[in-house]
Amino acid sequence: MSTTAPAPAAAPAQADPYALRAEDARPAPTTLAARLRHLGPGFVLSAAVVGSGELITTTSLGAKAGFALLWLVVVSTAVKVWVQMELARWTILNGRTALEGYREVGPRIGRLSWINWLWIGMDFAKMFQRGGIIGGTAAACSVLWPVVGEPLGTASLTLWAFVVTLVTIGLLQSGRYSLVERACVVSVIVFTLVTVSLAVSLPGTEFGYGAGDLGGGFSFEIPAGTVGIALAVFGITGVGADEMTTYTYWCLEKGYARWTGPDDGSEERARRAAGWIKVMRMDALTGLAVCVLCTLSFYVIGAAVLHPQGLVPEGNQMISTLSRLYTDTMGPWAEHVFLLGAFAVLFSTLIGSTASVPRLWTNTLGLLGVIDWTDVRARTRTIRILTWTLPLVWTCFFLWVQSPVLMVQIGGIGGGVFLLAVVVAVWKLRYTGVPERFRTNPWLTAALVLSSLAILCVGVYGILETMGVVTAE
């Protein structure tokens, strides 16, 4: 009789987050406390969003336009979340990514829809923005630790740009992304609290503002000479088109669609879907609250501190100019606090981009038939390869242009154009992939209509202004 002990059972393979299996389905939480425990994608998105747009573009807009465009900041951050939630609802109900949904919105050009091709073009424009993020992070490091040449000199910026890029790649390749993610979220929260406190305390300083300034910011006008940066702000602040697209991937990886389960036509599955969609909406609105609070603070500080002095962040001096937000109100000691905070905010944004963009390109290669997206091994291998290569490309873009503000604005305008296509896709998918029972809430429908109209109006105006049909005067 054999006495050989049976071999231990192999550990079950981790469930594919992009696959729907009946055995993974679970009821959605029904209490507020339980729903809060399942939040996550919105915070991941906020950590990525609260960076280049808020720190660089929004502050630059406040410095250039004063309080006049305060209304645009509120609209650009608050209005787009309804399109984001509509797209995420389609993802939860169908278990598919946004790029897969875009392919269903014809006409097609080859294997892809025109929207997929537009995304590819937009992402090339966003490479400038991501290069700007790397440049801003490198500038903060260069001022804090000028190890080569002059601070903000070419040698120092080049060194720190590659150091920041390689550290980011190493962190994500090492499998410790969850630890980095939590650290980035904490740093963003801390820096946001500092910024909000500064914005609130400004009325007691020489850079004070009053109710008249805030009221004038809601005249719904666009001052001459600010249309370009205003369009960039609308495209980049809050949740942009690329973040809306990325959000569907985080919802899938969090488990909202997997826990809903495949659509078997049962009432039980419909109730699970409704429950997880409620969790997603709470998650998205919580992330929105963070973005609105942070964006308004950055804009108010730029309008109150930089605008009266005629200081507009430009070129590689952007970090030094932005540090005046703190040194002019809190003293020279605050510069290092700002630089550390700026590094944390920009670096968290870089982490978010480096984690998400390779997924989007891998999915695109799958749609093109280059790889099999459903093959977990092939998908993982491709994501890792792109995690190494794409950030290095963004770094080269920065070293070529070397103007973080301009680079971020280019990416913002590209995102604004793509946002129009996403609105078209959302309305198409709403009536082809969302059952009627999930479209009956009149308030959500009205919010989506208003959101879509606002995006279309600003987008069309921007296109006409770019073509010279209308002017900013």
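No experiment lies behind these values; they were computed from the predicted model shown.

Engineer: Quick rundown of the pattern of salt bridges? Include the residues and the values.
Structural biologist: Inspection of the entire model under this criterion finds 13 salt bridges. The partner of Asp24 in a salt bridge is Arg21, and the shortest N-O contact between them spans 2.9 Å. Accessibility expressed as a relative area gives 15% for Asp24, which makes it buried. Classification of Arg21 as partly exposed rests on a relative accessible area of 36%. Put simply, Asp263 and Arg269 hold a salt bridge, and the shortest N to O gap is 4.0 Å. We classify Arg269 as buried; its relative accessible area is 4%. The network of salt bridges with shared partners includes Arg21, Glu23 and Asp24.

Engineer: I'd like to hear about the layout of surface pockets, residue by residue, with values.
Structural biologist: For the second largest pocket, the calculated volume is near 280 Å³. Along the wall of the second largest pocket there are 19 residues; nearest its centre are Arg271, Ala274, Gly275, Lys278 and Phe438. For the lining of the second largest pocket, the leading source of residues is helix H14 (residues 267–306), giving 7 residues. Residues of the lining of the second largest pocket, tallied by class, amount to 7 nonpolar, 4 polar and 8 charged.

Engineer: For a nonpolar patch on the surface, give the residues involved together with the corresponding values.
Structural biologist: Nonpolar side chains collect at one region of the surface, where Trp145, Val147, Val148, Leu159, Val163, Val167 and Leu340 lie side by side and expose about 550 Å² of accessible area between them. The biggest single contributor to the nonpolar patch is helix H8 (residues 154–173), with 3 residues. Position of Val147 relative to the elements: it lies in the loop between helix H7 (114–144) and H8. By relative accessible area, which is 54% here, Val147 ends up exposed.

Engineer: So what's going on with the packing of H8 against helix H17 (residues 376–401)? Which residues, and what values?
Structural biologist: Orientation of H8 relative to H17, taken along the N-to-C sense of each, is 165 degrees, at an axis distance of 10 Å. For the element pair H8 / H17, the angle class is roughly antiparallel. Here H8 and H17 pass one another in a crossing that is right-handed. Side by side, H8 and H17 meet where Leu157, Thr158, Ala161, Phe162, Thr165, Leu166, Ile169, Leu172 and Gln173 of the first sit next to Arg384, Thr387, Trp388, Pro391, Leu392, Thr395, Phe398 and Leu399 of the second.

Engineer: Could you give an account of the packing of H7 against H17, with specific residues and numbers?
Structural biologist: Contact pair H7 / H17: the axes reach a minimum separation of 7 Å and the direction vectors enclose 80 degrees. Here H7 is positioned roughly perpendicular relative to H17, judged by the angle of their axes. Residue-level contacts link Met127, Phe128, Arg130, Gly131, Ile134 and Gly135 of H7 to Leu390, Pro391, Val393, Trp394, Thr395, Phe397, Phe398, Trp400 and Val401 of H17. Its residues assigned to classes, the contact of H7 with H17 shows 11 nonpolar, 3 polar and 1 charged.

Engineer: Mind laying out empty space enclosed by the protein, listing which residues take part and the relevant values?
Structural biologist: Within this structure, the stated rule accounts for 4 cavities of 30 Å³ or more. Volume-wise, the second largest cavity comes out at about 80 Å³. For the lining of the second largest cavity, the secondary structure elements donating two or more residues are helix H5 (81–94), H14 and helix H19 (442–467). Considering each element in turn, the lining of the second largest cavity owes the most residues, 4 residues, to H5. Classifying every residue of the lining of the second largest cavity gives 5 nonpolar, no polar and 3 charged.

Engineer: Can you explain H17? Please cite residues and give values.
Structural biologist: Here H17 contains 26 residues, and its C-alpha end-to-end distance of 37 Å stays within 8% of the 38 Å for a straight helix at 1.5 Å per residue. At Thr387, H17 shows its strongest bend, of approximately 25 degrees, with the proline Pro391 following within four residues. Considered for burial, the residues of H17 that qualify are Ala378, Arg379, Thr382, Ile383, Leu386, Thr387, Leu390, Pro391, Trp394, Thr395, Phe397 and Phe398.

Engineer: If you had to explain the side chain of Arg130 to someone new, which residues and values would you point to?
Structural biologist: On the secondary structure map, Arg130 appears in helix H7. If we skip the residues at most four places from it in the chain, Arg130 touches Asp123, Asp242, Ser353, Val357 and Trp394.

Engineer: Report on the packing of aromatic side chains, specifying residues and quantitative values.
Structural biologist: Applying the stated criterion to the full structure yields 10 aromatic pairs. When the centroid spacing of 5.7 Å and the interplanar angle of 45 degrees are considered together, the rings of Phe67 and Tyr209 count as tilted. A residue pair is termed long-range when its members are at least 10 positions apart, and Phe67 in the loop between helix H3 (52–65) and helix H4 (70–78) and Tyr209 in the loop between helix H9 (177–201) and helix H10 (211–216) qualify at 142 residues. Across the pair, exposure class does not vary: Phe67 and Tyr209 are buried alike.

Engineer: Explain helix H2 (residues 41–49) to me, and be specific about the residues and the numbers.
Structural biologist: With 8 of its 9 residues buried, H2 lies for the most part within the structure. All of the buried residues in H2 are Pro41, Gly42, Val44, Leu45, Ser46, Ala47, Ala48 and Val49.

Engineer: Give a description of the environment of Val196 that names residues and reports values.
Structural biologist: Mapped onto the fold, Val196 is located in helix H9. With relative accessibility at 18%, the residue Val196 sits in the buried group. Residues Val196 and Thr295 lie 99 residues apart in sequence; the distance between their C-alpha atoms is 9.5 Å. Ignoring sequence-local partners within four residues, the contact set of Val196 consists of Leu293 and Ser297.

Cut-offs and rules
Residues numbered from 1 in each chain as written. Predicted model: local features only at pLDDT ≥ 70, side-chain atom pairs only at ≥ 80, totals over all residues. Heavy atoms only, no water. Salt bridge = Lys/Arg side-chain N within 4 Å of Asp/Glu carboxyl O. Buried < 20%, exposed > 50% of the residue type's maximum accessible area, 1.4 Å probe, protein only. 1 Å grid on protein atoms, 1.4 Å probe; cavity = no way out; pocket = protein on both sides within 12 Å on 5 of 7 lines; lining within 4 Å. Points joined across faces, edges and corners; volume = space filled by probe spheres on them. Helix = DSSP H or I, 4+ residues; strand = E, 2+ residues; numbered from the N terminus. Nonpolar A, V, L, I, M, F, W, Y, C, P; charged D, E, K, R; others polar. Patch = residues over 30% accessible without salt bridge, like charges linked within 9 Å, V, L, I, M, F, W, Y side chains within 5 Å. Areas by Shrake-Rupley, 256 points an atom, 1.4 Å probe, with all protein chains shown as cover. Axes fitted to C-alpha atoms, helices over the stretch in contact; angles between N-to-C directions. Parallel < 35°, antiparallel > 145°, perpendicular 65-115°, else oblique. Left-handed = near helix turned anticlockwise from the far one by under 90°. Contact = heavy atoms within 4.5 Å. Expected span 1.5 Å × (residues − 1). Bend = angle between axes of the 7 residues up to and from the residue. Phe/Tyr/Trp six-rings, centres within 6.5 Å; stacked < 30°, edge-to-face > 60°.

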